[in-house]
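Each chain is listed here by its residues.
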Amino acid sequence: MIQQTLVIFKPSSVERGLVGRVLARFEAKGLVIAGMKMMQLSPEILREHYAHLVDLPFFPSIVASMTACPVIVMCLKGVEAIQVVRSMTGATNGRQAAPGTIRGDFAMSNQENIIHASSSPEDAEAEIKRFFKPGEIFDYTPATKAFVNAASELGN
Ligand code: ADP
């Protein structure tokens, strides 16, 4: 099934100049960029986005970290894109994330862990709506599509 998922390049990737290297992994994998922009996050949008963490003692630290500089939000599209991107992202704590994953290769921290990636179809849908306005997500088909997936995988 073709899915869309949300990725946030956190200040830990923007400040450390890792955006290009991380994005290159997604492109090389065969995921399609459906939307991409830079924005400054607010504490309000973070309280929504991280609603499951708001009451935890480290939440103020997450807000400070995520508002430290503008982030890049991205919508990636592909067959089973949500699980594919989560697998590429790795475990939350960069020290424990497997080598070969983005966090495993670029992060040493539980908090400063390079990117956010949607964890379920429900979250992906809500998160894309949270960070993108109508008209900011594009529906186009790269000419290389047939060399990324078999027709049967694309539902054809
Ligand atoms: P994930 O980003 O892997 O989906 P969570 O949704 O549990 O993980 O947490 C969201 C973000 O909050 C993490 O990516 C990380 O930046 C931060 N975070 C989670 N747990 C901790 C913690 N114990 N200490 C500091 N920051 C944390």
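Structure: see above.
Just so you know, these numbers come straight off a predicted model, no measurement behind them.

Peer 1: Would you take a moment to explain the side chain of Ser 118 for this structure?
Peer 2: In this fold, Ser 118 is placed in the loop between β4 (115-117) and α7 (121-131). A polar atom in the side chain of Ser 118 sits 3.1 Å from the backbone nitrogen of Leu 6. Within the local environment of Ser 118, its side chain forms a polar contact with the side chain of Glu 127, the two groups lying 2.6 Å apart. When neighbours within four sequence positions are excluded, Ser 118 is seen to be in contact with Thr 5, Leu 6, Ile 82, Arg 86, Asp 123, Ala 124 and Glu 127.

Peer 1: Looking at this structure, how should I read the pairing of strand β3 (residues 71-79)?
Peer 2: Side chains on a regular strand alternate between the two faces of the sheet. The element β3 is extensively covered by neighbouring structure, given that nine of its nine residues are classed as buried. Across eight bridges, the pairing between strand β1 (residues 2-9) and β3 is antiparallel. Bridging across to β3, Leu 6 finds its partner in Cys 75. Pairing geometry for strand β2 (residues 32-39) and β3, over seven bridges, is antiparallel. Pairing of Ile 33 across the sheet is with Leu 76, part of β3.

Peer 1: Just checking my understanding: could you explain unusual backbone geometry for this structure?
Peer 2: Most peptide bonds are trans, and most residues other than glycine sit at a negative phi. With a phi angle near 55 degrees, Glu 80 is a residue other than glycine that sits in the positive phi range. Structurally, Glu 80 is set in the loop between β3 and α5 (81-89). Phi is positive for Ile 114, close to 75 degrees, though the residue is something other than glycine. Assignment of secondary structure puts Ile 114 in the loop between α6 (102-106) and β4. Taking relative accessible area as the criterion, Ile 114 reaches 0% and is therefore assigned buried.

Peer 1: For this particular structure, what's the right way to read the site of the ligand?
Peer 2: Lining the immediate surroundings of the ligand are Lys 10, Tyr 50, His 52, Leu 53, Phe 58, Ile 62, Arg 86, Thr 92, Arg 103, Asn 110, Gln 111 and Asn 113. At a separation of 2.6 Å, an oxygen atom of the ligand approaches a polar side-chain atom of Thr 92. In this structure, Arg 103 approaches the ligand through a side-chain N or O atom, which is 2.9 Å from an oxygen atom. Alone, the ligand offers 530 Å² of accessible surface; in the complex the protein occludes 79% of this. Judged by its atoms lying within 2 Å of the grid points, the ligand is housed in the largest pocket. Split by residue class, the shell around the ligand holds four nonpolar, five polar and three charged.

Peer 1: Could you clarify how one ought to interpret α5 in this entry?
Peer 2: The periodicity of an α-helix, 3.6 residues per turn, causes residues three or four places apart in sequence to face the same way. By the burial criterion, the buried members of α5 are Ala 81, Ile 82, Val 84, Val 85, Met 88 and Thr 89. Seen from one end, α5 has its buried residues packed into an arc of 165 degrees, which puts them on one side. Buried residues belonging to α5 abut β1, α2 (19-29), β3, α6, β4 and α7. Positive phi shows up at Gly 90, right after α5, with a value of about 90 degrees.

So, how was this worked out
- Counting from 1, residues in each chain are numbered in the order their sequence is written.
- Whole-chain, interface and lining totals are the exception, using all residues; otherwise, since this is a predicted model, local features are given only for residues with pLDDT of at least 70 and side-chain atom pairs are given and counted only at 80 or more.
- With hydrogens and water stripped out, all remaining heavy atoms of the structure feed into the side-chain values.
- Each helix corresponds to a stretch of at least 4 residues labelled H or I by DSSP, and each strand to a stretch of at least 2 residues labelled E; elements are numbered beginning at the N terminus.
- Two N or O atoms form a polar contact when they lie within 3.5 Å of each other; inside protein one atom must be a possible hydrogen donor and the other a possible acceptor, and for residues adjacent in sequence the pair counts only when both atoms belong to side chains.
- Contact between two residues is taken to exist if any of their heavy atoms lie within 4.5 Å; hydrogens are not considered.
- Burial here depends on accessible area, computed with a 1.4 Å probe over protein chains only, as a share of the maximum for the residue type. Under 20% is buried, over 50% is exposed, and the range in between is partly exposed.
- Paired strands are those between which DSSP finds at least two bridges.
- A cutoff of 4 Å decides nearness: a residue is near a molecule or strand if any of its heavy atoms lies inside that distance of it.
- Method for areas: the Shrake-Rupley scheme with a 1.4 Å probe, in which residue coverage is limited to the protein chains shown.
- Definitions used throughout: a 1 Å grid over protein atoms alone; a cavity as a set of points that fits a 1.4 Å probe which cannot get out; a pocket as an open set with protein on both sides within 12 Å along at least five of seven lines; a lining residue as one with an atom within 4 Å of a point.
- Any molecule with more than half of its atoms within 2 Å of a cavity's or pocket's grid points is regarded as sitting in that cavity or pocket.
- The nonpolar class holds Ala, Val, Leu, Ile, Met, Phe, Trp, Tyr, Cys and Pro. Asp, Glu, Lys and Arg form the charged class, and all remaining residues, Gly among them, are polar.
- In this description, one arc is meant: the one made by directions from the helix axis to the C-beta atoms.

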